[in-house]
Amino acid sequence: MITAIVLIKTSVDRIPEIAEQIASLDTVSEVFSVTGTYDLIAMVRVRQHEDLADVIPGRISKIPGVEATDTHVAFRTYSQHDLEAAFSIGLDN
(Lines give C-alpha, C1' and ligand atoms only; values in the text may rest on other atoms or scores of the structure.)
Protein backbone atom coordinates (compact mmCIF):
# COMPACT_ATOMS: atom_id res chain seq x y z
CA MET A 1 0.00 0.00 0.00
CA ILE A 2 1.34 3.45 -0.94
CA THR A 3 0.37 6.61 0.88
CA ALA A 4 0.42 9.98 -0.84
CA ILE A 5 -0.18 13.28 0.87
CA VAL A 6 -2.02 15.63 -1.47
CA LEU A 7 -1.86 19.33 -0.71
CA ILE A 8 -4.82 21.10 -2.28
CA LYS A 9 -5.24 24.81 -2.97
CA THR A 10 -8.78 26.15 -3.28
CA SER A 11 -10.81 29.16 -2.23
CA VAL A 12 -11.73 29.13 1.46
CA ASP A 13 -15.47 29.22 0.81
CA ARG A 14 -15.24 25.99 -1.24
CA ILE A 15 -13.36 23.96 1.41
CA PRO A 16 -16.38 22.08 2.89
CA GLU A 17 -17.77 21.15 -0.54
CA ILE A 18 -14.43 20.06 -1.99
CA ALA A 19 -13.40 18.20 1.19
CA GLU A 20 -16.65 16.22 1.00
CA GLN A 21 -16.06 15.32 -2.66
CA ILE A 22 -12.47 14.25 -1.96
CA ALA A 23 -13.47 12.23 1.11
CA SER A 24 -16.02 10.33 -1.00
CA LEU A 25 -13.27 8.93 -3.26
CA ASP A 26 -12.67 5.29 -2.39
CA THR A 27 -8.89 5.67 -2.08
CA VAL A 28 -8.92 8.70 0.22
CA SER A 29 -8.48 7.74 3.85
CA GLU A 30 -8.43 11.17 5.53
CA VAL A 31 -9.04 14.80 4.62
CA PHE A 32 -7.95 17.70 6.82
CA SER A 33 -8.75 21.36 6.42
CA VAL A 34 -5.78 23.55 7.23
CA THR A 35 -4.67 27.09 7.82
CA GLY A 36 -1.61 28.20 5.96
CA THR A 37 -0.32 27.78 2.43
CA TYR A 38 -2.69 24.95 1.51
CA ASP A 39 -6.41 24.81 2.23
CA LEU A 40 -6.83 21.02 2.34
CA ILE A 41 -4.65 18.01 2.91
CA ALA A 42 -5.85 14.60 1.76
CA MET A 43 -4.14 11.32 2.56
CA VAL A 44 -4.59 8.95 -0.38
CA ARG A 45 -3.82 5.26 -0.21
CA VAL A 46 -3.46 3.15 -3.35
CA ARG A 47 -2.25 -0.35 -4.08
CA GLN A 48 0.16 0.54 -6.88
CA HIS A 49 2.20 3.63 -7.63
CA GLU A 50 0.61 3.91 -11.08
CA ASP A 51 -2.83 4.33 -9.49
CA LEU A 52 -1.78 7.71 -8.07
CA ALA A 53 -2.04 9.21 -11.57
CA ASP A 54 -5.69 8.21 -11.71
CA VAL A 55 -6.56 9.50 -8.26
CA ILE A 56 -4.62 12.75 -8.01
CA PRO A 57 -4.43 14.48 -11.40
CA GLY A 58 -7.17 12.29 -12.81
CA ARG A 59 -9.83 12.73 -10.12
CA ILE A 60 -8.85 15.29 -7.47
CA SER A 61 -7.45 17.92 -9.83
CA LYS A 62 -10.61 17.80 -11.94
CA ILE A 63 -12.97 18.65 -9.07
CA PRO A 64 -14.44 22.11 -9.79
CA GLY A 65 -12.84 24.66 -7.48
CA VAL A 66 -9.51 22.86 -7.03
CA GLU A 67 -6.94 25.42 -8.13
CA ALA A 68 -3.74 23.40 -7.63
CA THR A 69 -2.41 20.20 -6.10
CA ASP A 70 0.99 19.09 -4.90
CA THR A 71 1.72 15.47 -4.08
CA HIS A 72 4.21 13.93 -1.67
CA VAL A 73 4.51 10.15 -1.88
CA ALA A 74 5.38 8.37 1.32
CA PHE A 75 5.92 4.77 2.23
CA ARG A 76 4.32 4.88 5.64
CA THR A 77 1.15 6.24 7.16
CA TYR A 78 1.27 9.71 8.65
CA SER A 79 -0.64 10.77 11.73
CA GLN A 80 -2.13 14.23 12.17
CA HIS A 81 0.79 15.02 14.51
CA ASP A 82 3.29 14.00 11.82
CA LEU A 83 1.58 16.27 9.28
CA GLU A 84 1.54 19.23 11.67
CA ALA A 85 5.25 18.80 12.31
CA ALA A 86 6.13 18.29 8.64
CA PHE A 87 4.21 21.25 7.31
CA SER A 88 4.38 23.52 10.39
CA ILE A 89 0.67 24.22 10.23
CA GLY A 90 -2.30 23.70 12.49
CA LEU A 91 -4.81 21.17 11.23
CA ASP A 92 -8.49 21.20 11.96
CA ASN A 93 -10.55 18.03 11.62
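A brief look at the structure comes next. This is a predicted model, so every value here is computed, not measured. Residue numbers run consecutively from 1 along every chain, following the written order of its sequence. With pLDDT at 70 or above as the cut-off, local features in this predicted model cover only qualifying residues; side-chain atom pairs require 80 or more to be listed or tallied, and sums for whole chains, interfaces and linings still use all residues. Based on all heavy atoms of the structure, the side-chain values leave hydrogens and waters out of the count.

## Focus: the overall build of the protein chain
Numbered from the N terminus, helices here are DSSP runs of H or I no shorter than four residues, and strands are runs of E no shorter than two. Secondary structure assignment for the protein chain yields 3 helices and 5 strands. Residues classed as buried in the protein chain amount to 37% of the 93 residues present. Nonlocal contacts in the protein chain, meaning residues at least 24 apart in sequence, comprise 69% of its contacts between residues at least 6 apart. With residues, only the protein chains shown are counted as cover, and all accessible areas are computed by Shrake-Rupley using a 1.4 Å probe. Carbon and sulfur atoms make up 50% of the accessible area of the protein chain, which amounts to about 5100 Å² in all. Buried, partly exposed and exposed residues are distinguished by accessible area as a fraction of the type maximum, computed with a 1.4 Å probe on protein chains only: under 20%, between the cut-offs, and over 50%, respectively. The contact criterion used is simple: two residues touch if any of their non-hydrogen atoms lie within 4.5 Å.

## Some thoughts on the environment of valine 34
Positionally, valine 34 belongs in strand β2 (residues 28-34). Residue valine 34 is classed as buried on the basis of its relative accessible area of 8%. Valine 34 sits 27 residues away from leucine 7 along the chain, and the two C-alpha atoms are 9.8 Å apart.

## A short note on the nonpolar core
If you look at the biggest cluster of nonpolar residues, it comprises 20 residues, and the most contacted ones within it are Val6, Ile8, Ile22, Leu40, Val44, Leu52 and Ile60. Isoleucine 22 has contacts with Ile8, Val28, Val31, Leu40, Ala42, Ile60 and Ile63, leaving out every residue within four places of it along the chain. To qualify as a nonpolar core, a set must consist of buried Ala, Val, Leu, Ile, Met, Phe, Trp, Tyr and Cys residues joined through side-chain atoms within 4.5 Å. In terms of nonpolar packing, the next biggest core, distinct from the first, is built from 6 residues, Ile5, Phe32, Val34 and Ile41 among them.

## Regarding helix α1 (residues 15-23)
Side chains that are three or four residues apart share a direction in an α-helix, a result of its 3.6 residues per turn. Taken residue by residue, α1 has Ile15, Ile18, Ala19 and Ile22 as its buried positions. The buried residues of α1 occupy an angular sector of 100° when the element is viewed end-on, so they sit on one face. Exposed positions of α1 whose direction lies more than 90 degrees from the buried face are Pro16 and Glu20. Arc definition: directions from the helix axis to the C-beta atoms.

## Some words on the pattern of salt bridges
Salt bridge criterion: a side-chain nitrogen from Lys or Arg within 4 Å of a carboxyl oxygen from Asp or Glu. Enumeration according to the criterion identifies 2 salt bridges in this entry. Linking glutamate 17 and arginine 14 is a salt bridge whose minimum nitrogen-to-oxygen distance equals 2.9 Å. On the basis of relative accessibility, which here comes to 23%, the residue arginine 14 falls in the partly exposed class. With a shortest N-O distance of 3.5 Å, aspartate 26 and arginine 59 are connected by a salt bridge. Of this pair, aspartate 26 sits in the loop between α1 and β2 while arginine 59 sits in helix α2 (residues 51-60), and the two are 33 residues apart along the sequence. For aspartate 26, a relative accessible area of 66% gives the class exposed.

## Some thoughts on α2
Of the positions making up α2, those classed as buried are Leu52, Val55, Ile56 and Ile60. Taken down its axis, α2 places every buried residue within 80° of arc, on the same side.

## Describing the pairing of strand β3 (residues 40-46)
With 6 of 7 residues buried, β3 is to be regarded as a mostly interior element. Strand pairing requires that DSSP identify at least two bridges connecting the strands. By the bridge criterion, 7 bridges tie strand β1 (residues 2-10) to β3 in an arrangement that is antiparallel. Bridge assignment links isoleucine 8 to a residue of β3, and that residue is leucine 40.

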